[in-house]
Amino acid sequence: MTHNIMPSSGMRPIIAIIGNTNSGKSTLLNKIVGQDVAIVSAIKGTTTDSVSKNYELTGFGAVSFFDTAGFDDCSELGEKRLKATKRIINRAELVLVVVGKDGLNETIKAEIEELKKRNIDYVVVYNFSDVRNDIVLKKNEVLVSALTGDNINVLIDLMIKILKKNIKELPLVSDLVKKNDVVVMVTPIDDGAPKGRIILPQVQVLRELLDNNAIVVTCRETELKSTLAKLKNKPDFVIVDSQVIKEVVEILDKDIKVTTFSTLFARNKGDFKKFLEGALFIDKLKDGDKILIAEGCSHRVTCKDIGRVKIPNLVKKYTKKELVFDFVSGLDFRDDLSEYALVIHCGGCMLTRNDVCRRIEKCKSSKVKITNFGILISKIQGVLERVSKDLS
Ligand SMILES: Nc1nc2c(ncn2[C@@H]2O[C@H](COP(=O)(O)OP(=O)(O)OP(=O)(O)O)[C@@H](O)[C@H]2O)c(=O)[nH]1
Ligand code: SF4
Ligand SMILES: [Mg+2]
């Protein structure tokens, strides 16, 4: 039995292992991670549902491997499995295209062309070097034996090189603070807040502030006035949950630098300018327009309430238009977005930057505007200029 795991892989870059049945995909995964994670057999179509493995790739960091069903799986479920594989490819930072004894066939060649077109990095892994040695290798191609382990290190080095080049996470907040700056984080604790925890975007911002030797004070919006009163000087920066930005801006002196967690994420993941344009577009929405609300994961407690309830209500109230809302979460992101007037995306804390950028690209090619939750809330609350003016 294979594991059917499709976890939210957090921000681990995904490495998808694809290819025809019996090309040695599962053997390769097991060899790279040094464990029998995926079942290997000489029977075609052994891997049915994808098998995932979180792994610490020494020299790079945490990644998630996804071993997939063979492209030429002709079983009844083959088509569904192919769709599942395509969904994984959509999110992958790197694709290992494994080629078996029979060499490259038309399907795999077409898939490689597709990867090129979509700017998804890949390595062609010619497998079975122990029984064949007749390949003239080109750039980003390697010849390995998943069975004996021959050349696996060469493959791993190449993977690390590509991943390092690829993954340029921008700073969340580190370029906006300096050592000893006093930063006040305002986090409401309402019914939507997860029990006993602080949500991930806030934790990530806190961590980056601490990494940069800032002094961080965290309070709820109800304690902001008393927090400010107890500080000897005005804070250098205030970072606020979008949901309470309006109240907070009313409390703060005009010269205090303030932004929202979502604005920081919009800058860090995705295209800040595009998100701003998308937020301004709500003034142009018309009756009957369709809006897609996209959440990067299905973390019910964290964002469900905001995405499914608060955002639609705010947009309806602000625009006073009859709008239709659709929702997607997790791996799903519509291929064809042309029916929508606007896509409103979550902060994407569980997605990589490339993941969000690909979604933005999709919107661009469908000529649909995109914004994110927090930027849109700031626009609706009339504070967009204030929260974005100190950020580039
Ligand atoms: N000699 C040799 N055999 C290999 C190599 N890689 C895989 N095999 C064998 O090829 C067969 C298929 O390997 P798998 O890893 O199950 O292939 P797969 O691509 O995962 O196949 P599906 O799950 O059916 O899509 C097994 O019998 C492996 O032992 C290799 O490099 N050399
Ligand atoms: S911001 Fe998006 S990715 Fe992060 S927890 Fe919320 S729904 Fe998930
Ligand atoms: Mg397999």
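Residues numbered from 1 in each chain as written. Chains lettered and ligands numbered in written order. Predicted model: local features only at pLDDT ≥ 70, side-chain atom pairs only at ≥ 80, totals over all residues.

Let's shift gears to the sheet that holds strand β11 (residues 290–295). Taken together, 4 strands build an open sheet; the order of strands is β12-β11-β13-β14 and the sheet is parallel. Of all strands in the sheet, those with a lone pairing partner are β12 (324–329) and β14 (369–372), marking the two edges. Each strand axis lies, on average, 20 degrees off the axis of its neighbour in the sheet, ignoring direction. With 4 bridges joining them, strand β13 (residues 342–345) and β14 adopt parallel strand pairing. The residue bridging Val 343 from the neighbouring strand is Ile 370, located in β14. Where helix α9 (residues 272–280) meets the sheet, it contacts β13 and β14, and its direction lies at approximately 100 degrees from that of β14. (Pairing = 2+ DSSP bridges. Helix = DSSP H or I, 4+ residues; strand = E, 2+ residues; numbered from the N terminus. Axes fitted to C-alpha atoms, helices over the stretch in contact; angles between N-to-C directions. Contact = placed C-beta atoms within 7 Å.)

Attention now moves to the site of ligand 1. Gly 24, Ser 26, Thr 27, Thr 47 and Gly 70 are the nearest of the 24 residues found near ligand 1. By residue number, the principal contributor to the shell around ligand 1 is helix α1 (residues 25–33), which donates 3 residues. Split into classes, the residues belonging to the shell around ligand 1 amount to 7 nonpolar, 14 polar and 3 charged. (Near = placed C-beta within 6 Å. Nonpolar A, V, L, I, M, F, W, Y, C, P; charged D, E, K, R; others polar.)

Ranked by internal contacts, the top residues of the largest apolar core, which has 60 residues, are Val 238, Ile 239, Val 343 and Leu 376. If you tally residues by element for this core, the top one is helix α12 (residues 373–380), at 5 residues. Shared between two domains, this core holds at least three residues of each, these being domain 2 (175–264) and domain 3 (271–380). (Core = buried A, V, L, I, M, F, W, Y, C linked by C-beta atoms within 7 Å. Buried ≥ 20, exposed ≤ 12 C-beta atoms within 10 Å, placed from the backbone. Domains from an automatic or database assignment.)

The domains assigned to the chain are domain 1 (14–166), domain 2 (175–264) and domain 3 (271–380). A separation of 24 Å is found between the C-alpha centroids of domain 2 and domain 3. With 13 residues of domain 2 at the contact, the number on the domain 3 side is 12 residues. At the level of secondary structure, the elements contributing two or more residues to the side of domain 2 that touches domain 3 comprise α5 (200–211) and α8 (261–268).

Turning to the pairing of β13, a few remarks are in order. In β13, alternate side chains face the same way, and those of Leu 342 and Ile 344 on one face and Val 343 and His 345 on the other are all buried. The pairing of β11 with β13 spans 4 bridges and is parallel. Bridging from a neighbouring strand, Ile 293 pairs with Ile 344 of β13. Crossover handedness for the path β13 to helix α11 (residues 353–365) to β14: right-handed. (Right-handed = clockwise from strand over helix to strand, strands pointing away.)

Next up on the list: the sheet that holds strand β4 (residues 92–99). Strands sit in the order β2-β3-β1-β4-β5-β6 across an open sheet of 6 strands; the sheet is mixed. Since the sheet does not close on itself, it has two edges, and those belong to β2 (51–57) and β6 (141–143), each with one partner. Across the sheet, the mean angle separating the axes of adjacent strands is 25 degrees when strand polarity is ignored. Relative to strand β3 (residues 61–67), strand β1 (residues 14–19) runs parallel, the two sharing 4 bridges. Bridge pairing in β3 places Ile 14 opposite Ser 64. Seen against the sheet, α1 touches β1, β2, β3, β4 and β5 (121–126) and runs at an angle of roughly 160 degrees to β3. On top of the sheet, helix α4 (residues 152–166) reaches β1, β2, β4, β5 and β6; it is set at about 175 degrees to β5, its chief contact.

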